[in-house]
Amino acid sequence: MFTEFDLNPQLLKALEALKFSTPTPVQTQAIPLALAGSDIMACAQTGSGKTAAFLLPTLNNLINNPAPNSGTRALVLAPTRELARQLFKQCEALAKFTAIQAGLITGGESFKFQAATFRKNPEIIISTPGRLIDHLGRKPTLMEDVEILILDEADRMLDMGFADDVVEIANACQAQRQTMLFSATMNQKGIRHVIKQVLKEPVEVAVDEIKDKHANITQQMILADDDQHKDRLMTWMLANETYRQCIIFCNTK
Ligand code: AMP
């Protein structure tokens, strides 16, 4: 039960409104550690409840230690606009009964509008790395009050080439901060390097490493000679395999 954590009543009220009663495994492990202020590196996938696992303790720590004269105090970095938007929505839902404000900063929105978001001085900013780097270029002190930094879907962020940006953004936050990293896998090339640079003595939380979940899926790799061959193989499989529904993942738009 969420009531077993030392969470602010306003957050428990939001959980009740969202009909979240039982914490998921990643929430059970991460929330007490995060409430205590530890740096965390957690292996957790989409659907695990990871968002609330980092947002609840973040909101709780901000509420319990008010700092009315400071700038943005918590920063969540996400690889894509879509994920950032989802995180923002969940943050608003969890913070509904508190005075905490959140702001969303992603590419594709006007700088003018985003400058207005920063001027409102929200306690939490949720952003994609590229656009935040642009804003930091204009105002390097923008994130200097950030005491909680969260890297969500860190493996994807690094796959997309954001490693240097992530480290630069971390360096623009307070040196004395809490940092939490969530990733679907810790085997991503380069993730250990970023962890070393950005986290301090992190506690490891591992609930479901990416491959553990797929025991009921048969995986098969088919080699194609070239793109045309691949297209023919795909067409053949779609025509001849037995399936009710099918998902095809691609690596680009
Ligand atoms: P996430 O892994 O953070 O993307 O969350 C997956 C989904 O689970 C989201 O739609 C959440 O709203 C929902 N969720 C998160 N935690 C809980 C919980 N403890 N009980 C029920 N639903 C939850």
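See the structure printed just above.
S.K.: How would you sum up the overall build of the protein chain? Please name residues and give values.
M.R.: Helix and strand counts for the protein chain stand at ten helices and seven strands. For 253 residues, the compact-globule formula gives about 18 Å, and the C-alpha radius of gyration of the protein chain, at 20 Å, lands near that figure. With respect to the principal axes defined by its C-alpha atoms, the protein chain has extents near 65 × 45 × 35 Å. Every one of the 253 residues in the protein chain was classed for burial, and the buried ones make up 45%. By sequence separation, contacts in the protein chain at least 24 residues apart represent 73% of the contacts at least 6 residues apart. Of the accessible surface of the protein chain, which amounts to about 14600 Å², a share of 51% is contributed by carbon and sulfur atoms. Separation of charge centres in the protein chain, based on 26 positive and 29 negative side chains, amounts to 6 Å.

S.K.: Account for the site of the ligand, with residues named and values stated.
M.R.: Surrounding the ligand, one finds 14 residues, the nearest of these being Thr22, Gln27, Gly47, Gly49 and Thr51. Contact distances for the ligand include 3.3 Å between an oxygen atom and a backbone N or O atom of Lys50. Residue classes in the shell around the ligand are distributed as three nonpolar, ten polar and one charged.

S.K.: Explain the pattern of salt bridges to me, using residue names and the numbers behind them.
M.R.: According to the stated counting rule, one finds four salt bridges in the structure shown. The residue Glu153 makes a salt bridge to Lys50 at a minimum N-O spacing of 3.3 Å. Here Glu153, found in the loop between β5 (148–151) and α7 (154–159), pairs with Lys50, found in helix α3 (residues 50–64); they are 103 residues apart in sequence, far enough to count as distant. One continuous salt-bridge network, built from bridges that share partners, spans Lys50, Asp152, Glu153 and Arg156.

S.K.: Describe a negative patch on the surface, naming the residues involved and giving the relevant values.
M.R.: A cluster of acidic residues, Asp225, Asp226, Asp227 and Asp231, forms a negative patch at the surface. Structurally, Asp227 can be placed in helix α10 (residues 227–240). A relative accessible area of 53% means that Asp227 is categorised as exposed.

S.K.: Quick one: what's the story with α3, residue by residue and with numbers?
M.R.: Its 15 residues give α3 an end-to-end C-alpha distance of 22 Å, which sits within 8% of 21 Å, the value for a rise of 1.5 Å per residue. Counted residue by residue, α3 has 13 buried out of 15 residues, so it is predominantly covered.

S.K.: Any details on the state of the cysteines? Residues and values, ideally.
M.R.: Here the structure, examined in full by the defined rule, presents zero disulfides. Free cysteine: Cys173, not disulfide-bonded; nearest cysteine sulfur from Cys91 at 16 Å. Cys173 sits in the buried class, given a relative accessible area of 7%.

S.K.: Please provide a residue-by-residue account of the packing of helix α6 (residues 129–138) against helix α8 (residues 163–172), values included.
M.R.: The N-to-C vectors of α6 and α8 enclose an angle of 50 degrees; their axes lie 10 Å apart at closest approach. By the criterion of interaxial angle, the relationship of α6 to α8 is oblique. Considering only the axes of α6 and α8, their crossing is left-handed. Taken together, the residues of α8 that come into contact with α6 (itself represented by Pro129, Gly130, Leu132, Ile133 and Leu136) are Asp165, Glu168, Ile169 and Ala172.

So, how was this worked out
Residues numbered from 1 in each chain as written. Predicted model: local features only at pLDDT ≥ 70, side-chain atom pairs only at ≥ 80, totals over all residues. Heavy atoms only, no water. Helix = DSSP H or I, 4+ residues; strand = E, 2+ residues; numbered from the N terminus. Rg over C-alpha atoms; globule rule 2.2 N^0.38 Å. Buried < 20%, exposed > 50% of the residue type's maximum accessible area, 1.4 Å probe, protein only. Contact = heavy atoms within 4.5 Å. Areas by Shrake-Rupley, 256 points an atom, 1.4 Å probe, with all protein chains shown as cover. Lys, Arg positive; Asp, Glu negative; His and termini not counted. Charge placed at Lys NZ, Arg CZ, Asp CG, Glu CD. Near = heavy atom within 4 Å. Polar contact = N/O pair within 3.5 Å; in protein donor to acceptor, adjacent residues only side chain to side chain. Nonpolar A, V, L, I, M, F, W, Y, C, P; charged D, E, K, R; others polar. Salt bridge = Lys/Arg side-chain N within 4 Å of Asp/Glu carboxyl O. Patch = residues over 30% accessible without salt bridge, like charges linked within 9 Å, V, L, I, M, F, W, Y side chains within 5 Å. Expected span 1.5 Å × (residues − 1). Disulfide = S-S within 2.5 Å. Axes fitted to C-alpha atoms, helices over the stretch in contact; angles between N-to-C directions. Parallel < 35°, antiparallel > 145°, perpendicular 65-115°, else oblique. Left-handed = near helix turned anticlockwise from the far one by under 90°.

Honestly, it's all geometry; don't read function into it.
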